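Results of the structural survey
Take a look at the letters that make up each chain.
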Amino acid sequence: MLKTMNTDAAAAIAATRRAVGAPRHVRVRNGAPVQIRDVRPDDAKRFAGFVSRLSHASRGERFGSGMGGACSPAVLVDLVNVDGVRQVAFVATARMGLVDEVIGEARYSLGEDGEGATLTIVVADVWQGQGLAGLLLDRLVEAARDAGLRRLYAEVPPSNHRMLRFMQRMGFVAGAHGAERPVLRMERSVALRQPPAPEPGPMEVVWRWLNNQFFQFGF
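An account of the accompanying structure is given in this report. (Residues numbered from 1 in each chain as written. Predicted model: local features only at pLDDT ≥ 70, side-chain atom pairs only at ≥ 80, totals over all residues. Heavy atoms only, no water.)

Contact geometry of helix α2 (residues 44-53) with helix α4 (residues 73-80) gives a least axis separation of 10 Å together with a crossing angle of 110°. By the criterion of interaxial angle, the relationship of α2 to α4 is roughly perpendicular. Seen along the crossing, α2 lies across α4 with a hand that is right-handed. Residue-level contacts link A44, F47 and A48 of α2 to L76, L79 and V80 of α4. (Axes fitted to C-alpha atoms, helices over the stretch in contact; angles between N-to-C directions. Helix = DSSP H or I, 4+ residues; strand = E, 2+ residues; numbered from the N terminus. Parallel < 35°, antiparallel > 145°, perpendicular 65-115°, else oblique. Left-handed = near helix turned anticlockwise from the far one by under 90°. Contact = heavy atoms within 4.5 Å.)

Pasting the structure below:
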């Protein structure tokens, strides 16, 4: 007989795999076609090229100031091999000549409580301003929701005004920070969306009108 913990883990894996699903084909603001899909182990070379093409500022925002112009082989292995439960990652790719290049990345890492996850997101500098970050984040939020998570969060330096504005537009709220915590914790719920209310039928419209008339004239 399987233990409950093993059953829960299997359910989480199944939910996350459903969330990942098939690649999605979208168009960014300039009309260019882009594919958003889960990261794969064979993306190592593509991902290395992506990181090397990032500007110093973008690379520092994603990996920290200690990251040089290239990923070490060990870091690359970690980036393109995710378990699909504790870590989920998506990449955006675009056709450049005869090859597909990675032009954006979004991922989350599960927190200790199992209900929230830390997210990271970065877009190639030449593709910034085209709405790609929002598309990647939407996909990540959907995956987190389908996997049963309750919230996503990120720690952003107050000086990173661009990222703060982006996250606020995407529904994130800043928590408190102080001298001992020189970063802002941006957090967003990923609870299930409420379905829109159905349009009232003809009889319901008439019934509401009659109720309003009764109320207006004191019946």
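Moving on, we come to the pattern of salt bridges. The full count for this structure, using the stated rule, is 15 salt bridges. The residue E61 makes a salt bridge to R162 at a minimum N-O spacing of 3.0 Å. Remark: R162 occurs in helix α6 (residues 161-169) and E61 occurs in helix α3 (residues 56-63); sequence separation between them is 101 residues. The partly exposed category is assigned to R162, whose relative accessible area is 40%. Put simply, D100 and R95 hold a salt bridge, and the shortest N to O gap is 3.4 Å. A single network of salt bridges, built from pairs that share partners, joins R37, R40, D42, D43 and R46. (Salt bridge = Lys/Arg side-chain N within 4 Å of Asp/Glu carboxyl O. Buried < 20%, exposed > 50% of the residue type's maximum accessible area, 1.4 Å probe, protein only.)

The next point concerns the sheet that holds strand β5 (residues 116-123). Hydrogen bonds along the backbone pair up the strands of a sheet, which may run parallel or antiparallel. One open sheet holds the eight strands; their spatial order is β1-β2-β3-β4-β5-β6-β8-β7, and the pairing between them is mixed. The open sheet terminates on both sides in strands that have one partner only, identified here as β1 (24-27) and β7 (173-174). Bridge count between strand β3 (residues 87-96) and strand β4 (residues 99-110): 10 bridges; the pairing is antiparallel. Bridge assignment links A92 to a residue of β4, and that residue is G104. Running at roughly 90° to β4, α2 makes contact with β2 (33-38), β3, β4 and β5 of the sheet. (Pairing = 2+ DSSP bridges.)

Purely geometric numbers; function is a separate question.
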